[in-house]
There are 4 protein chains.
Amino acid sequence: MSTTRGRIDKRQAILEGAFTVFAREGYAQACVQAIAREAGVAKPTVYNHMTDKATLFRHSLEAAARAVLDERIAALEPLADPGDDLRAALQQAAGRLLRLHTDGRSCALRRLLYSEVTHFPDILDIVKDSGPDRLTRALADRLARLTLAGRLRAGDPDLAAEQFLALLLGPLEARTQLGTRTLPEAELDAMAQAAVDAFARAWDVS
Amino acid sequence: MSTTRGRIDKRQAILEGAFTVFAREGYAQACVQAIAREAGVAKPTVYNHMTDKATLFRHSLEAAARAVLDERIAALEPLADPGDDLRAALQQAAGRLLRLHTDGRSCALRRLLYSEVTHFPDILDIVKDSGPDRLTRALADRLARLTLAGRLRAGDPDLAAEQFLALLLGPLEARTQLGTRTLPEAELDAMAQAAVDAFARAWDVS
Amino acid sequence: MSTTRGRIDKRQAILEGAFTVFAREGYAQACVQAIAREAGVAKPTVYNHMTDKATLFRHSLEAAARAVLDERIAALEPLADPGDDLRAALQQAAGRLLRLHTDGRSCALRRLLYSEVTHFPDILDIVKDSGPDRLTRALADRLARLTLAGRLRAGDPDLAAEQFLALLLGPLEARTQLGTRTLPEAELDAMAQAAVDAFARAWDVS
Amino acid sequence: MSTTRGRIDKRQAILEGAFTVFAREGYAQACVQAIAREAGVAKPTVYNHMTDKATLFRHSLEAAARAVLDERIAALEPLADPGDDLRAALQQAAGRLLRLHTDGRSCALRRLLYSEVTHFPDILDIVKDSGPDRLTRALADRLARLTLAGRLRAGDPDLAAEQFLALLLGPLEARTQLGTRTLPEAELDAMAQAAVDAFARAWDVS
DNA sequence: GATGAATGAGCGTTCATTCAT
DNA sequence: AATGAATGAACGCTCATTCAT
């Protein structure tokens, strides 16, 4: 059993090391040597677990994306049972999402997706299956229920979700300078508030 | 004079070829050989004009960014003199911006900025000087005038501009799959409409 | 163990191949490709053992210099116990030194030292630690003892050693045309004799 | 006429620039671009005057060698009419030769000859025609006359010249560290004295 | 005759990948 | 299963040399 554990641990270490190095250097610049060093194994060991540098890249992206998504979905929790003050719940979820979105790993993931999407068209599945799309769907689900409950103006909940996220995350790109700067907490809160305000006006949140 | 023209032409050809290849391959994968071939010159000729692969990258980005920005600023023209129907003017500008934003060169530029911003921190100047920031400022200028004219709810025009662009462009990322898919015209128009609607509600456009 | 041997052998082969090629082509003209071929390995293997072309150069020089010096010191042996006929012992040592000094490897080493001393100032250590300086000191030691034994005119043994070597080796440069020509045995013997004669006169050898 | 002058001047500038750069960098490392810059002309101008980098090298060596030799021959002047004190005359010539031999241009020339003699076998002619050999012959001429005048022990004047120069210049190599260090005046004088002393003993100078 | 511009060929170095152990 | 060692293939960059002006 310890063997199996060890093997799994090593695989995990390789995937994490790979993501770390890919995030730092980019796909092409990252060298397998460095990944192996980061993971604390020898270079051929990497090849024993993954056939290719490309495969290694795909698997490490997938693992990171899964982790990131889980956190984002969890951030929507306040909307499951918003209580009387819907705006407060939106505000809370918005704050959490903003923080997750400006997190280092999240930014690195986004950067990698953008830069390699043309060389690895299949990583689009990551975006669709476990990326922003699913977040939008999950949010749309919440908003649909709230619409039915009369707390939102009637309308397409997919559109509502899309606009909520756009208002919230759209300004991030410019403010964080493509994810290279971290924002002060106060600014993050102000951004969440502004997004929720606009959303509330546009969708008659009550 | 023809000499000078020839030199300028060659420099231009190199910059364009460089952008083409960088856009297709990314910085690290792009090989100078290929850039030279694309520009129709020999490899050392590239080095006669640019000292470095890195310098070549920076200059080609800058040229592309300038071209892209000029078009975007021009797209705001309808807002200069909106006439009676402000929503129509917004709609028109929105449609143009959306089309510019989904243009191949524009997407490639955004991809390159995202992927290399960590290796070339100075390309942030491009974003600030000639990128989205300046578009937001230009739009804010227009909206400020409109606010003074009483056509918009009183409020921070910078915020209004930010939110307009967020509502308009935010959904693009998911819908174009990080810029790899082109959208049908109808969908673009619908997106513009939805963004303008939401903006109008949130800012009492009249 | 065979592994270790193999690695050591390969390192040795690389150093020897490097000296051969450097000696033939000079530092700048020598290409690592050729060195690898000469050593019977692939080019990257060279870089697995030595970080640099420069490092490779230094190490190959050092190895060659050590080998050359060992032989030269050994050539002084006849002076350790010269017996009755000191001139004969000097003559014998002189002959040996002359032959070592006109040896191909020795000439190549001298050429390389001269040509690259300005680019690699640290190779002066080779000259001082294992080159002519140490030969002079070793010879001075012998002559000091002989002086004490009254077989030489009293005087500075360092100067005596310096002059002995100068008389012996000085004429070589011109006669071998900077080390490119080999001299007939008879001429070598005559040179040794002439040097010993002059030295004997100048220092009252008995 | 000014044209012709200008052309000659330019040729001269190129040759001098070439020697300067070759001396600094060595043949292979020296790039024609740098030589042109040093000479204050454009690169193709160099090729208008010399067909080749190799030809350029040969001609620049030749010019430098001629200049160096002229000075050395002139240094023997004191021996033309030594007066009563032959040792003083020898001493004077020795001092001058030593200074010329440790001069920067002289060292550079020697370095270049050593390093490129295998690639350019024909530069040996420089050594023979205008180099040390001719100095030895010129000195032998002087010593022959002195021998006839009974101021030296009877013997082969060629050998005497060879030994005088060997005693004088042989120690230089070690002391100047292959020509990279300059020696203090006092040390130069001491070396001249030591060489003359030894020569005087060996050849019964009176 | 002098020059700015262009190029073919080559070199040092790196790296993904594979063997032998 | 894990590793040290080796390699084939590229790539960035330089340079001697040549045209066209």
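Since the structure is predicted, the reported quantities are computational estimates derived from the model, not experimental observations.

A. Structural detail: the arrangement of the chains. Separated in space, chain A and chain C share no contact, their closest pair of C-alpha atoms being 13 Å apart. Nowhere do chain B and chain C come into contact; their C-alpha atoms are at least 21 Å apart.

B. Here's a closer look at the relation of the copies chain C and chain D. With an RMSD of 0.1 Å, the operation that places chain C on chain D is a rotation of 180° combined with a shift of 0.1 Å along the axis. Those values place the two copies in the arrangement expected of a two-fold rotation axis.

C. Unusual backbone geometry, seen in detail. All names here are of chain C. The phi angle at glutamine 177 is positive, at roughly 50°, despite the residue not being glycine. Residue position: glutamine 177 is located in the loop between helix 9 (157-175) and helix 10 (185-203). We note that aspartate 204 has phi near 50°; this positive angle belongs to a residue other than glycine.

D. Molecular detail of helix 10 (residues 185-203) of chain A. Taking 1.5 Å as the rise per residue, helix 10 of chain A with 19 residues should run 27 Å; its terminal C-alpha atoms sit 27 Å apart, in good agreement. Those residues of helix 10 of chain A that are buried lie in contact with helix 5 (86-101), helix 8 (132-148) and helix 9 (157-175) of chain A together with helix 9 (157-175) and helix 10 (185-203) of chain B. Of the residues flanking the end of helix 10 of chain A, it is Asp204(A), one or two places downstream, whose phi is positive at about 50°.

E. Molecular detail of the domain arrangement of chain A. Residues and elements named next belong to chain A. Structurally, chain A comprises domain 1 (1-50) and domain 2 (65-203). Computed from C-alpha coordinates alone, the two centres of domain 1 and domain 2 are separated by 31 Å. Roughly 480 Å² is buried in total at the junction of domain 1 and domain 2, and carbon and sulfur atoms are behind 80% of that figure. Summed over the three residues of domain 1 that lose the most area to domain 2, namely Phe19, Ala23 and Tyr27, the buried surface amounts to 86% of that side. At the junction of domain 1 and domain 2, the tally comes to zero salt bridges. Linking domain 1 with domain 2 are zero residue pairs in polar contact (both at pLDDT 80 or more), by the criterion used here.

F. The relation of the copies chain B and chain A, seen in detail. Overlaying chain B on chain A yields an RMSD of 0.1 Å, the required transformation being a rotation through 179° with an accompanying axial translation of 0.1 Å. Comparing interface residues between copies, 100% of those in chain B also lie at the interface in chain A; the contact surface is shared.

G. Local environment of the interface of chain C and chain D. At the interface, 36 residues of chain C touch 37 residues of chain D. Taken over both partners, the interface formed by chain C and chain D buries close to 3600 Å², and the fraction arising from carbon and sulfur atoms is 62%. Area buried by chain C at its contact with chain D is led by Tyr114(C), Leu178(C) and Arg201(C), which between them contribute 20% of it. The interface formed by chain C and chain D holds four salt bridges in total. Here Glu173(D) makes a salt bridge to Arg110(C), at a shortest N to O gap of 3.4 Å. Here chain C is connected to chain D by 10 residue pairs in polar contact (both at pLDDT 80 or more). Put simply, the parts of the chain that give the side of chain C that touches chain D at least two residues each are helix 1 (2-25), helix 6 (104-116), helix 7 (124-130), helix 9 and helix 10 of chain C. Top contributing element to the side of chain C that touches chain D by residue count: helix 9 of chain C, with 10 residues. Classifying every residue of the side of chain C that touches chain D by side-chain character gives 16 nonpolar, nine polar and 11 charged.

The rules behind each value
- Residues numbered from 1 in each chain as written.
- Chains lettered and ligands numbered in written order.
- Predicted model: local features only at pLDDT ≥ 70, side-chain atom pairs only at ≥ 80, totals over all residues.
- Heavy atoms only, no water.
- Contact = heavy atoms within 4.5 Å.
- Least-squares fit on C-alpha atoms with pLDDT ≥ 70 in both.
- Helix = DSSP H or I, 4+ residues; strand = E, 2+ residues; numbered from the N terminus.
- Expected span 1.5 Å × (residues − 1).
- Domains from an automatic or database assignment.
- Buried area = accessible area lost by both parts, 1.4 Å probe.
- Salt bridge = Lys/Arg side-chain N within 4 Å of Asp/Glu carboxyl O.
- Polar contact = N/O pair within 3.5 Å; in protein donor to acceptor, adjacent residues only side chain to side chain.
- Nonpolar A, V, L, I, M, F, W, Y, C, P; charged D, E, K, R; others polar.

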